[in-house]
Amino acid sequence: MRATALDEQGNVERMATQVPRPTAKPFVQIDSEEAFVPGSPVSVDVDSRFGSATALVSVYREGVLDAFVTDLEESNPVTTVPVAPNYAPNVSVSVLARNQPQAPEPAPSPQIVQTGANAQLVLRPDGPTWRRGAADMPVDWAANTLDVRVTVDRETYGPREPVKVRLAVLGPDGAPARND
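For clarity, every value in this text was computed on a predicted model and none was experimentally measured. (Residues numbered from 1 in each chain as written. Predicted model: local features only at pLDDT ≥ 70, side-chain atom pairs only at ≥ 80, totals over all residues. Heavy atoms only, no water.)

Draft legend 1. Expanded view of the sheet that holds strand β5 (residues 53–60). Here four strands make up an open sheet; going across it, the order is β6-β5-β8-β9 and the pairing antiparallel. Each edge of the open sheet is held by one strand with a lone partner, namely β6 (64–72) and β9 (129–138). Here the strands of the sheet are splayed against their neighbours by 15 degrees on average, with no regard to which way each runs. The sheet contact formed by β5 and strand β8 (residues 90–99) spans seven bridges and is antiparallel. Its bridge partner being in β8, Y60 is matched across the sheet by S92. (Pairing = 2+ DSSP bridges. Helix = DSSP H or I, 4+ residues; strand = E, 2+ residues; numbered from the N terminus. Axes fitted to C-alpha atoms, helices over the stretch in contact; angles between N-to-C directions.)

Draft legend 2. Local environment of the pairing of β6. Here eight bridges tie β5 to β6, and the two strands are oriented antiparallel to one another. Bridge pairing links Y60 to V64 in β6. In sequence, β5 turns back onto β6 through a hairpin of three residues, with E62 there showing a positive phi of about 55 degrees.

Draft legend 3. Spatial organisation of the side chain of S94. Looking at where S94 falls in the secondary structure, it is placed in strand β8. Overall, S94 belongs to the buried group, its relative accessible area being 7%. A polar side-chain atom of S94 sits 3.5 Å from a polar atom in the side chain of R132. When residues no more than four places from it in sequence are discounted, the contact partners of S94 are L56, V57, S58, Y60, R132, G133 and A134. (Buried < 20%, exposed > 50% of the residue type's maximum accessible area, 1.4 Å probe, protein only. Polar contact = N/O pair within 3.5 Å; in protein donor to acceptor, adjacent residues only side chain to side chain. Contact = heavy atoms within 4.5 Å.)

Pasting the structure below:
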């Protein structure tokens with residue numbers, strides 16, 4: 001923040017200061033930093049300060065992979081996202097929540113709702129309130145890795161000598177990889 005002021009004699013006074021952003025709990029939180037295993041459920045905590053809501057939950061990475069609509073209860077605003085195998089290596093989870101409060105009579109004029117990745121709550125007693133947030137969800141990609149082993153018939157070769165190589169490719173379960 002910067003301010004400039006002139007006094008009665010024409011002297012200029014300048015002042016600058018920084019105003020820190022208030023720290024608030026993120027709208028969407030995933031409480032684990034460890035990678036999730038495909039097939040396991042992940043609890044997504046939604047900071048639903050405006051009561052019960054309907055939420056569009058999207059899982060995306062370079063486009064939407066999955067999406068579903070769920071109800072969030074004021075007493076327990078948590079939703080569960082099942083981790084699919086195609087989520088590896090990592091995805092993001094987005095929650096767009098909407099509530100519909102009962103409008104008092106007469107309803108005041110609507111206010112403009114902020115937009116952006118983590119838009120802040122703007123109360124509109126006459127209509128729905130929207131809020132959006134996103135969080136990164138690390139997904140273990142061990143199920144998508146191959147164990148490749150290369151062996152040769154001897155340790156040293158001369159120039160232009162043919163090399164006999166044996167490849168063994170094993171899948172994550174230790175079985176030979178399929179030749180698809």
